[in-house]
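Structural characterization, general
Spelled out from the first residue to the last, the chains are:
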Amino acid sequence: MLRKNAHGNMQSGMSSKKYVIKPFRTHTQMGKKDAEKTWTILQKAITEIFNSNASALSFEELYRNAYNLVLHKHGELLYNGVQTEVENQLKKTGLELAKSAEPVLLEDLVDAWEYHCMTLTMIKDILMYMDRTFVQQWKKTPIYDMGLEKFRDQVVRHRKIKDRVRQQLLDNILKERNGEIIDRDIMRKTLSMLVKLGVNSIQVYQNDFENYFFLETKNFYSVEGIKNIGTDTCPEYLKKVERRLQEEKARSQHYLDSSSEKELLSLVEKELIEKHHKTLVECNTGCFDMFENKKLEDLQRMFRLFSRVPSTLKEVRDELIRYIKEDGEQLVKKEEDDRSALRFVRALLVQRDTYEEIVSQAFHDDKDFKKALKEAFEYVVNMNNKVPHFLTLYVDDLMRERAKKKGDISSDASSLDETLDKIITVFRHLQDKDIFESYHKELLAKRLLQKKRNFDSDFSSEIEERMISKLKAECGQQFTSKLEHMMNDMKISATLMSQYKEKMRETAIPGIDMKTIPLLEVHVLTTGSWPHPTTPDCIIPPYINAICDSYKTFYIKHYDGRKLTWQYNLGSAEVKAQFDDPLTLVVSTYQMLILLLFQDTDTLTYQTIADKTQIPTAELKRHLISLAAPKYKVFKKEPKGKAIAPEHTFTFNRGFKSKVKRVRIPLISSRSSKNALPSAPTEVPAEVEEDRKHLIEAAVVRIMKARKEMNNSNLIAEVIKQLESRFKPSPQNIKKRIEALLEREYIERDEKDRRLYRYVA
């Protein structure tokens, strides 16, 4: 342990020792002769390394010699000497490799390359000091990189080697493409050598191999594409393309440089896909056939391959649009002849499911294909102006069938929601949604007012409300406001009837035997929400009129100031008829009034019935014919036939029989079968047409109030944009409504520019 005493002397135990510091000795400068002598030693060592005799060398001594040369400013001599020696040795290697036969040329080249790399590593280690100092100071190429460049120039680019090596590489790739087995390891090592010879770039690889390889690839696949497109079906051709792309990708991963992959695959895609995509799409076994036969796997493959060249997908989308339109046109043409609304809508929903499956599974819900589906299906749905009517009839049938299933709706909720969602999907594509609303409102009113006894009212109402909520989510509150009012009226009516019946148990009606009083069920409908005009009054029997008046009195007490008008044409009744075999008849209110006339007589003339009931003529004839129809012959008509004259007689048929005790008598205008389609209107209903006038005028005023002034074309475009969610107004109709507003001075024309409008405050 050393420590310092107070006098600054070093002590170790009890003795002290003096240390002497000597000055550095000056080194003598190495002369030129000594430098050349040292280089000669190094040159011989490098020669021995190239000749595989390195085991006898002292690398420490060689390193010291190289170090001394650089230290004494003889780096240039050393660097140039090494460069010359490496070049001379590689010239010998080049001459030897030039003699190699074709089959073993690549193997010999790889062996020479690997040996050269090992040799360079040893030389680099000896000259490490020169690399760190002289090379960096004078910006020379490092020894190892210089050795690579010499190998490139003297061996790989030897005039008798260069072209042969490249051709051997290309021939091997051609053999592999034709299904032969090649030595991939030799290929990998050779091409890796070319990459490394670029020294921090891939220029050697590109100039000596890759450019020629791409040209050969282009020619190969150009010929193959032309050959296969003429002999293979579209699915077969696509399978071959997919296999070729997989092969080229594997080739890139096994022995090509990674930089080649993108360009290589792009070449294959261009030659096999881009050049022939139109032929593939339009041929007999192309897209149309795949769509028609639902070849999803082949369509997936086409989409997968064509996605590699995005511009080619446009033809596939166009073909999808063409297929959907043609498929839809065939359906419309077929169902126009068959006239089955329910079958038409079912087929339309099935087609829509098929199209969605194709877009979802084959095209992976690609947004452009979804847009194409929307465009094409919208064309199909709107090519026939009867579709809104057809769709409402389908909804009507669905609601009636579902309402018959008593129980909890949750047990069938998923199936119901799925069906309703499909209906909404078709509805979404309708341009004339207001026509659908008009028909749907009429049929909803019939369902609500003419429920059969075996309907579950709560269950039925919940189904209707689900449909209305989906329409509301699609089109907004305004679209479904009347439908919601109708449902609300039914709920309020049910509550009022419960209260009325409770009161009737405690109250007597003067002059009426409460035990024989008919059971009354009243629905109070809000004027304006329901699609029924007011009808003329008719003559009601006193005991029925009394019970009606009792309800009216009860209602007015609850809602003072309101007025009730009886809609006898919408009512229904159950009448116990005394045939030879008593039956219960389910009839309309008008039919009930007719039947009650026959309590005291069996035969009446048409004129007598008309005078005693005051039912409107058209309705009376329709209801009488229904009661005298061959299938439900409650009356016998004289003379027979559908024509009715004042003197024609109707006789109560006491011999009428039925297999069921409760017989529903349908009106002649109702559907004879649930699939038969009555003539759908070909024009816009008058009520809808009138509503459209108001909507267009309201939109024009709203726009002009916000903009203050606007030219004609922009105003028309803006009106269409605002109303297209409900219906698509024609420019002609918009112009008519603009003229009407001009006459009523809501807007005015500019005096100088007659196509410019201004809002009048």
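Look up: the structure comes first, before these words.
What comes next concerns the included structure.

How each quantity is defined
- Residues numbered from 1 in each chain as written.
- Predicted model: local features only at pLDDT ≥ 70, side-chain atom pairs only at ≥ 80, totals over all residues.
- Heavy atoms only, no water.
- Buried < 20%, exposed > 50% of the residue type's maximum accessible area, 1.4 Å probe, protein only.
- Helix = DSSP H or I, 4+ residues; strand = E, 2+ residues; numbered from the N terminus.
- Pairing = 2+ DSSP bridges.
- Axes fitted to C-alpha atoms, helices over the stretch in contact; angles between N-to-C directions.
- Contact = heavy atoms within 4.5 Å.
- Phe/Tyr/Trp six-rings, centres within 6.5 Å; stacked < 30°, edge-to-face > 60°.
- Lys NZ or Arg CZ within 6 Å of the ring centre and 35° of its normal.

1. Structural notes on helix α15 (residues 296–306)
The element α15 is largely enclosed, with a buried count of 8 among its 11 residues. Three or more residues of α15 are buried, namely Leu 296, Asp 298, Leu 299, Arg 301, Met 302, Phe 303, Leu 305 and Phe 306.

2. Re the sheet that holds strand β8 (residues 662–664)
If you walk across this open sheet you meet the 3 strands as β3-β4-β8, and the pairing is mixed. Bordering the open sheet on either side are β3 (572–577) and β8, each of which pairs with just one other strand. On average, each strand axis in the sheet is tilted by 25° relative to the strand beside it, whichever way the strands run. Two strands pair when backbone bridges link them, and β3 and strand β4 (residues 583–588) are joined in this way by 6 bridges, in the antiparallel orientation. Across the sheet, residue Val 575 finds its bridge partner in β4, namely Leu 585. Against the sheet, helix α25 (residues 589–596) makes contact with β3 and β4, and its axis sits at roughly 125° relative to β4, the strand it touches most.

3. Quick word on the packing of aromatic side chains
Applying the stated criterion across every chain, the model contains 28 aromatic pairs. Taken together, a centroid distance of 4.5 Å and an interplanar angle of 55° make the contact between Tyr 67 and Tyr 129 tilted. In this pair, Tyr 67 sits in helix α2 (residues 59–71) while Tyr 129 sits in helix α5 (residues 128–132), placing the two residues 62 residues apart along the sequence. Here Phe 303 and Phe 369 contribute two aromatic rings whose centre-to-centre distance is 5.6 Å and whose plane-to-plane angle is 80°, an arrangement assigned as edge-to-face. Of this pair, Phe 303 sits in helix α15 while Phe 369 sits in helix α18 (residues 367–382), and the two are 66 residues apart along the sequence. As far as burial versus exposure is concerned, Phe 303 and Phe 369 are alike and both buried. Among the aromatic residues, ring-to-ring pairing joins Phe 288, Phe 291, Phe 303, Tyr 323, Tyr 355, Phe 363, Phe 369 and Phe 377 into one connected group. Sitting above the plane of the Phe 369 ring, Arg 317 keeps its charged end 5.7 Å from the centroid. The positively charged end of Arg 352 is found above the aromatic ring belonging to Phe 377, 5.0 Å away from the centroid.

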